[in-house]
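Structural description and commentary
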Amino acid sequence: RTFCNLPAVAQRLLGRWSGTAVQMLEPFWNTDVAADYLAVPCPKVVANDAADMIVNDVSSLKSGVAFSAEIRKQQTTKGSGCILDSPMEYQLSEWENVGVLESKYL
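Small disclaimer: the values here were computed from a predicted structure and weren't measured.

What counts and what doesn't
- In this numbering scheme, every chain counts its residues from 1 along its sequence in written order.
- pLDDT decides what is reported in this predicted model: residues at 70 or higher carry local features, side-chain atom pairs at 80 or more are listed and counted, and totals for whole chains, interfaces and linings draw on all residues regardless.
- Values shown for side chains rest on all heavy atoms present in the structure; no hydrogens or waters enter the calculation.
- Patch members must show over 30% relative accessible area and no salt bridge, and they are joined within 9 Å when carrying like charges or within 5 Å when they are nonpolar side chains of Val, Leu, Ile, Met, Phe, Trp or Tyr.
- Where accessible areas are quoted, they stem from the Shrake-Rupley method and a 1.4 Å probe; at the residue level, only the protein chains shown are allowed to cover.
- One speaks of a salt bridge when a side-chain nitrogen belonging to Lys or Arg is within 4 Å of a carboxyl oxygen belonging to Asp or Glu.
- The helix and strand labels rest on DSSP assignments: H or I over at least four residues marks a helix, E over at least two residues marks a strand, and numbering proceeds from the N terminus.
- Burial here depends on accessible area, computed with a 1.4 Å probe over protein chains only, as a share of the maximum for the residue type. Under 20% is buried, over 50% is exposed, and the range in between is partly exposed.
- Pairs were defined over the aromatic rings of Phe, Tyr and Trp, the Trp ring being its six-membered one, requiring ring centres within 6.5 Å. Orientation was assigned from the angle between planes: stacked under 30 degrees, edge-to-face over 60, tilted for the rest.
- Criterion for a charge above a ring: Lys NZ or Arg CZ within 6 Å of the ring centre, and within 35 degrees of the ring normal.
- What is meant by a nonpolar core is a set of buried Ala, Val, Leu, Ile, Met, Phe, Trp, Tyr and Cys residues, joined one to another through side-chain atoms within 4.5 Å.
- By definition, residues are in contact when any of their heavy atoms lie within 4.5 Å.
- Any N or O atom pair separated by 3.5 Å or less is treated as a polar contact, with the protein-specific requirement of one donor-capable and one acceptor-capable atom, and with residues adjacent in sequence counted only for side-chain atom pairs.

The grouping of Leu13, Leu14, Trp17, Met53 and Ile54 at the surface amounts to a nonpolar patch, some 620 Å² of accessible area in total. Here Leu13 is to be found in helix H1 (residues 6-14). With a relative accessible area of 48%, Leu13 lands in the partly exposed category.

Further remarks concern the packing of aromatic side chains. Across all of its chains, the model carries 0 aromatic pairs by this definition. In this structure, Lys44 is placed above the aromatic ring of Tyr37, and the distance from its NZ or CZ to the ring centre is 5.8 Å.

Among the nonpolar cores identified, the biggest contains 5 residues, and these are Cys4, Ala34, Tyr37, Leu61 and Val65. Put simply, the parts of the chain that give this core at least two residues each are helix H3 (33-39) and helix H4 (61-72). In contact with Val65, other than residues within four places in its own chain, are Ala34, Tyr37 and Leu38.

Our next topic: H1. For H1, the full list of buried residues reads Pro7, Ala8, Val9, Ala10 and Gln11. For H1, the elements touching its buried residues are helix H2 (16-25). Of the residues flanking the start of H1, the one acting as N-cap is Asn5, its side-chain oxygen 2.9 Å from the backbone nitrogen of Ala8. One or two steps after H1, the chain reaches Gly15, where phi turns positive at roughly 130°.

Positive phi is not limited to glycine here, since Asn97 has a value of about 60°. Asn97 gets classed as exposed once you look at its relative accessible area, which sits at 70%.

This is a description of form; function is not addressed.
Written as structure tokens, this is what we have:
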């Protein structure tokens, strides 16, 4: 059981407010596990339990890595898994009625 970042897990367990509370309580504690995972230069395997009752699928390491690969195209995963509005890339592709990679605005 591995999470992407601690605020994302808190939001999924307690509600949207708890992500901000966790960030305020641990301002100097880096909980961005997905970024550390991506930074290690070795072969990797990610496995997770889809029925995990503690770490929601959206706030899991697997989702953080996927979000970074699809949206950010870089090694940062800060904020991945947190409850946010839809990314602008998704909003534009929805408006164009195409996939994210087929959008002419990206």
